[in-house]
Amino acid sequence: MPHRPYQKIVPGSSVAVLMVHGILGSPHHFDMLMPYIPSDWSVYNIVLDGHGATARDFARTSRKKWEAQIERVMADVCAAHAHVVVVAHSMGCMLTMNAAVKLGLERQISAMFFLGAALYPMCTPSIVKTAFYMLFGKPDSGDNRAKAARLRCGTVIHRRLWEYFAWIPRFIELFALAWYTRRRVPKYDLPIIALQSWQDEVVGRRSIKPFRKNPRAKSEFLMESSHFYYAPQDEKRICLVFNKTLANVIKNLQKSSVAIDKAKTF
């Protein structure tokens with residue numbers, strides 16, 4: 001299916017939601033969350049450089065391009081809106097945290113809602129099985145994990161296997177980005193909600209540990225889910241937590257508005 005950015009700019013809106021997928025991911029990863037976003041908020045659901053196209057396009061991108069893109073987009077979104085809610089998956093979690101701190105935008109970030117933050121990336125036999133079904137299986141073949149990965153993968157998959165060797169530098173950069181980020185997460189002054197999948201094939205369970213060392217972060221495991229697939233009960237939990245997160249953002253904005261109105265009376 002096509003993987004294109006989605007953008008809805010609401011004139012005069014003070015709040016925006018910025019969505020950033022992970023490595024080899026796509027904007028479709030957040031489809032289940034879209035109905036919960038208030039209609040009067042702006043939405044920026046982007047496609048990372050090198051994604052949404054061919055294997056060769058992915059091979060030609062780089063960590064530097066991803067970081068520059070996120071910093072540019074986040075700066076633009078924060079310039080246009082007073083408050084920003086960040087939603088991210090996998091590598092997107094790391095890119096957005098680092099960009100927010102580097103640009104000094106912590107006070108404008110109302111919430112950071114993360115799924116499967118890849119602070120400790122890894123490779124398991126399960127992901128090899130999933131990749132096999134994606135490459136050689138029929139569209140409806142494989143288990144739920146393979147089907148979800150095929151749906152949410154942001155790169156055109158084909159059987160010219162030699163082209164995938166050019167991806168190796170991108171994954172080396174991913175591991176370097178993870179090493180850089182996880183050492184800093186405990187000190188990041190950001191309002192984080194991190195939901196990690198217990199059965200994740202490419203993200204280690206210890207990825208939750210840096211968040212648990214951060215006093216402003218809340219984290220939990222989705223016990224029946226993997227990197228791309230969410231079991232029905234876990235998807236329900238994701239949507240519930242996301243909805244509560246947005247409700248808290250709205251509540252805090254209302255409090256701030258009341259405080260400002262009171263200050264104007266003096």
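Here is a short report on the structure shown in this document.

Conventions adopted
- Numbers given for residues are sequential positions, taken from 1 along each chain in its written order.
- Totals for whole chains, interfaces and linings use every residue, but because this is a predicted model, local features are given only for residues with pLDDT of at least 70 and side-chain atom pairs only at 80 or more, for both listing and counting.
- Neither water nor hydrogens contribute to the side-chain values; these are computed over all heavy atoms in the structure.
- To sort residues, take the accessible area from a 1.4 Å probe on protein chains only and compare it with the maximum for the residue type: under 20% means buried, over 50% means exposed, and anything in between is partly exposed.
- Segments assigned H or I by DSSP are reported as helices when at least four residues long, segments assigned E as strands when at least two residues long, and all are numbered from the N terminus.
- Looking down the strands as they point away from the viewer, one classifies a crossover as right-handed if the path from the first strand across the helix to the second runs clockwise.
- Here, any two strands with at least 2 DSSP bridges between them count as paired.
- Helix span, expected: 1.5 Å multiplied by one less than the number of residues in the helix.
- Side-chain rings of Phe, Tyr and Trp, where Trp is taken by its six-membered ring, are said to pair if the distance between their centres is within 6.5 Å; with planes under 30 degrees apart they count as stacked, over 60 as edge-to-face, and otherwise as tilted.
- One side-chain nitrogen of Lys or Arg within 4 Å of one carboxyl oxygen of Asp or Glu is enough to make a salt bridge.
- Axes here mean lines fitted to C-alpha atoms, for a helix over just the part in contact, with angles spanning 0 to 180 degrees between N-to-C directions.
- Comment on the angle field: the value is read as roughly parallel under 35 degrees, roughly antiparallel over 145, roughly perpendicular from 65 to 115, and oblique elsewhere.
- Put simply, a crossing is left-handed when the front helix is turned counterclockwise from the back one by less than a right angle, and right-handed when it is turned clockwise.
- Between two residues, a contact is recorded if the distance between any of their heavy atoms is within 4.5 Å.
- Under the convention adopted here, Pro, Cys and the residues Ala, Val, Leu, Ile, Met, Phe, Trp and Tyr are nonpolar, Asp, Glu, Lys and Arg are charged, and Gly plus all remaining residues are polar.

1. Quick word on the pairing of strand β5 (residues 109–115)
Consideration 1: Counted residue by residue, β5 has six buried out of seven residues, so it is predominantly covered.
Consideration 2: Between strand β4 (residues 83–89) and its parallel partner β5, the chain crosses via helix α3 (residues 91–102), and the hand of that crossover is right-handed.
Consideration 3: Across four bridges, the pairing between β5 and strand β6 (residues 192–197) is parallel. Note that in β6 the partner of Met 112 across the bridge is Ile 192.

2. Looking at α3
Consideration 1: When the terminal C-alpha atoms of α3 are compared, their 17 Å separation across 12 residues agrees well with the 16 Å that a helix rising 1.5 Å per residue should span.
Consideration 2: Buried residues dominate α3, accounting for 10 of its 12 residues.
Consideration 3: For α3, the complete set of buried residues consists of Met 91, Gly 92, Cys 93, Met 94, Leu 95, Thr 96, Met 97, Asn 98, Ala 99 and Ala 100.

3. Quick notes on the packing of aromatic side chains
A ring pair, where both rings are aromatic, is described by two values, the distance of the centres and the angle of the planes.
Consideration 1: The final tally for this structure, using the stated rule, is six aromatic pairs.
Consideration 2: Ring geometry for Phe 58 against Trp 167: centres 4.9 Å apart, planes inclined by 70°, an arrangement best described as edge-to-face. Here Phe 58 is found in helix α1 (residues 55–60), whereas its partner Trp 167 is found in the loop between α5 (144–152) and α6 (168–182), with 109 residues between them in sequence.
Consideration 3: We classify Phe 58 as buried; its relative accessible area is 0%.

4. Remarks on the pattern of salt bridges
Consideration 1: This structure, assessed with the given rule, holds seven salt bridges.
Consideration 2: The closest approach of N and O atoms between Lys 102 and Glu 71, which form a salt bridge, is 3.2 Å. Of this pair, Lys 102 sits in helix α3 while Glu 71 sits in helix α2 (residues 63–80); the two residues are 31 residues apart in sequence, bridging distant segments of the chain.
Consideration 3: Judged by its relative accessible area of 60%, Lys 102 is exposed.
Consideration 4: Note that Arg 170 and Glu 173 form a salt bridge whose closest N and O atoms lie 3.0 Å from each other. Here the residue Arg 170 and the residue Glu 173 both occupy positions in helix α6, the gap between them amounting to three residues, near one helical turn.
Consideration 5: Residue Glu 173 is classed as partly exposed on the basis of its relative accessible area of 21%.
Consideration 6: One connected set of salt bridges, linked through shared partners, spans Arg 107, Asp 189 and Arg 216.

5. Some details on the packing of α2 against α3
Consideration 1: At their nearest, the axes of α2 and α3 sit 9 Å apart, and the two run at 60° to each other. Considered as vectors, α2 and α3 are oriented oblique to each other. In this structure, α2 crosses over α3, and the sense of that crossing is right-handed. Residues Trp 66, Glu 67, Ile 70, Glu 71 and Met 74 of α2 touch α3, and the partners they reach there are Met 91, Leu 95, Thr 96, Ala 99, Ala 100 and Lys 102.
Consideration 2: Tallied by class, the residues present in the contact of α2 with α3 amount to seven nonpolar, one polar and three charged.

None of this, on its own, says anything about what the molecule does.
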